[in-house]
Amino acid sequence: MITLSLLMAWHQPLLAETIVRGKLSDQVSERPMMGVQVSVLKGSQVLDTASSETDGRYQLVIDVGTSPSPQTLTLSAELDGYVTQTQDFTVTSGSTDSPAYDLELFPMALNACRITGGHGVIVGYFRAPPAANVSDLTYRISDALTYSLLTRLQQAHLDTSLQPEFWACNEAKLRSATLGQRYATVLGAVAFVTGDVNSADGTYDISTYVSDRFGIFRLPHRSVNQAVDLGDPGAAKLDPGTHGAILTAVAAAYENDGRYAEGVDVTVAAEQLMGFLTPELEAIRSRCQANIENRGLLRGDSP
């Protein structure tokens, strides 16, 4: 005999559970993030919410049925101090269009430091000497780099459109020297400069660490700029090694963009500025020159 409860169960639709999972990480450090609130939304309706674990992983369970028509949902990840990240995805016949959704969150403090377009250089946090009576250290060093390098590039007759721009970002503070390349990458810069400052009889000795977006320097390129007057950044003189490392990143950017003639021009200006070519700049020049010649051959021109 069929009981009433069994009869009712036959007529009740079964729940169609869909699993949504993935991993959350910091976009700069690439480390997993714990405690991020992750939600799945259908329009403005929240279907489920969970927090990421210590390894950054999360899992949500939703019920949107088993319709064969694709349904568009939104995944949202939020944490104080970070830009909210969202991603649309679809569920068809109860299955998601990807086995996992990994999201990277960007630190809110660095959001204003992003560069769009051009060949910019980010000047990050510089550690000040004890009891230093100098303010706006990052901005002063950014100005010093601008005047010191661009003045010399003008003397080398490098077109102004090929010269880098310097952007001060005091919030960009490295926890590890090896993160310089990552900072340059996520901020859209060709190079990232950081370092420390020591007092020296009214002037300052500045150690700069230059990282590039392209991985040319396995470790940041270090130079010591001696007796720099930060009281007048426009008159500051910095070490050619610092300039050379920055121009290496700029030349690499033009090579990466396929603008080989401009890449050669930057290496020529760097050689005039330093009086020699570093192995990195020489390698970039050789590759750019070879590509210029190959292009000529492809057009049917004389080599």
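Quick note: structure is the one above.
Below or above, wherever it landed, is the structure these notes cover. The model shown is predicted, which means the values in this text are computed figures rather than measured ones.

### Details of the sheet that holds strand β7 (residues 85–92)
1) Next: Reading across from one edge, β3-β2-β5-β7-β8 is the order of the five strands in this open sheet, with antiparallel pairing throughout. A single partner strand is all that each edge strand has here, and the edge strands are β3 (45–51) and β8 (95–96).
2) Next: The pairing of strand β2 (residues 37–42) with β3 spans six bridges and is antiparallel. In the sheet register, Q37 faces β3, and the bridge partner there is S51.

### Here we look at the state of the cysteines
1) Next: In this structure the tally under the stated criterion is one disulfide.
2) Next: Disulfide partner of C113: C169, at an S-S distance of 2.0 Å. Between C113 and C169, the disulfide has an S-S torsion of 85° and is therefore right-handed. Separated by 56 residues along the polypeptide, C113 in the loop between β9 (103–107) and β10 (120–127) and C169 in the loop between β11 (165–168) and α3 (180–187) bring together distant segments of the chain.

### What about the side chain of S142?
1) Next: On the secondary structure map, S142 appears in helix α2 (residues 137–155).
2) Next: Among all residues touching S142, those that are not within four sequence positions of it are V123, F166, W167 and A168.

### Considering the side chain of T267
1) Next: Relative to the elements of secondary structure, T267 occurs in helix α5 (residues 260–274).
2) Next: One polar contact links the side chain of T267 to the main-chain carbonyl oxygen of V264, over a distance of 2.7 Å.
3) Next: Side-chain polar atoms of T267 contact the side chain of R285, separated by 3.0 Å.
4) Next: When residues no more than four places from it in sequence are discounted, the contact partners of T267 are A251, L277, L281, I284 and R285.

### Observations regarding the packing of aromatic side chains
1) Next: Applying the stated criterion across every chain yields a total of two aromatic pairs.
2) Next: Arranged with centres 4.9 Å apart and planes meeting at 45°, the rings of F89 and Y101 form a pair that is tilted. Here the residue F89 occupies a position in strand β7, and Y101 occupies one in the loop between β8 and β9, the gap between them amounting to 12 residues. Y101 matches F89 in its accessibility class, with the two residues each being buried.
3) Next: A centroid spacing of 5.1 Å and a plane angle of 35° characterise the contact between Y183 and F192, whose relative ring orientation is tilted.
4) Next: Classification of F192 as buried rests on a relative accessible area of 0%.
5) Next: For the cation-ring pair, K173 lies above Y125, with the distance from its terminal atom to the ring centre recorded as 4.7 Å.

### Examining the sheet that holds strand β4 (residues 57–63)
1) Next: Taken in spatial order, the four strands line up as β4-β1-β9-β6 in an open sheet, and their pairing is mixed. The open sheet is flanked by β4 and β6 (82–83), the only strands paired with a single partner.
2) Next: As defined by bridge partners, β6 adjoins β9 across two bridges and the pair is classed as antiparallel. Residue pairing for β9: Y82 is matched across the bridge by P107.

### Focus: the packing of α2 against helix α4 (residues 240–256)
1) Next: At a minimum axis distance of 11 Å, the contact between α2 and α4 shows a crossing angle of 75°. Taken together, the axes of α2 and α4 lie roughly perpendicular to each other. In this structure, α2 uses L145, S148, L149, R152 and L153 to contact α4, whose residues at the interface are T242, H243, I246 and L247.

### Considering the pairing of β7
1) Next: Here seven bridges tie strand β5 (residues 71–78) to β7, and the two strands are oriented antiparallel to one another. The partner of T72 across the bridge, within β7, is T90.
2) Next: Bridging between β7 and β8 involves two bridges; their strand directions are antiparallel. Its bridge partner lying in β8, V91 is registered against T96.
3) Next: What sits between β7 and β8 in their antiparallel hairpin is a turn of two residues, with S93 showing a positive phi close to 55°.

Quick notes on the rules
- Residues numbered from 1 in each chain as written.
- Predicted model: local features only at pLDDT ≥ 70, side-chain atom pairs only at ≥ 80, totals over all residues.
- Heavy atoms only, no water.
- Pairing = 2+ DSSP bridges.
- Helix = DSSP H or I, 4+ residues; strand = E, 2+ residues; numbered from the N terminus.
- Disulfide = S-S within 2.5 Å.
- Contact = heavy atoms within 4.5 Å.
- Polar contact = N/O pair within 3.5 Å; in protein donor to acceptor, adjacent residues only side chain to side chain.
- Phe/Tyr/Trp six-rings, centres within 6.5 Å; stacked < 30°, edge-to-face > 60°.
- Buried < 20%, exposed > 50% of the residue type's maximum accessible area, 1.4 Å probe, protein only.
- Lys NZ or Arg CZ within 6 Å of the ring centre and 35° of its normal.
- Axes fitted to C-alpha atoms, helices over the stretch in contact; angles between N-to-C directions.
- Parallel < 35°, antiparallel > 145°, perpendicular 65-115°, else oblique.

That is the geometry; function is a separate question.
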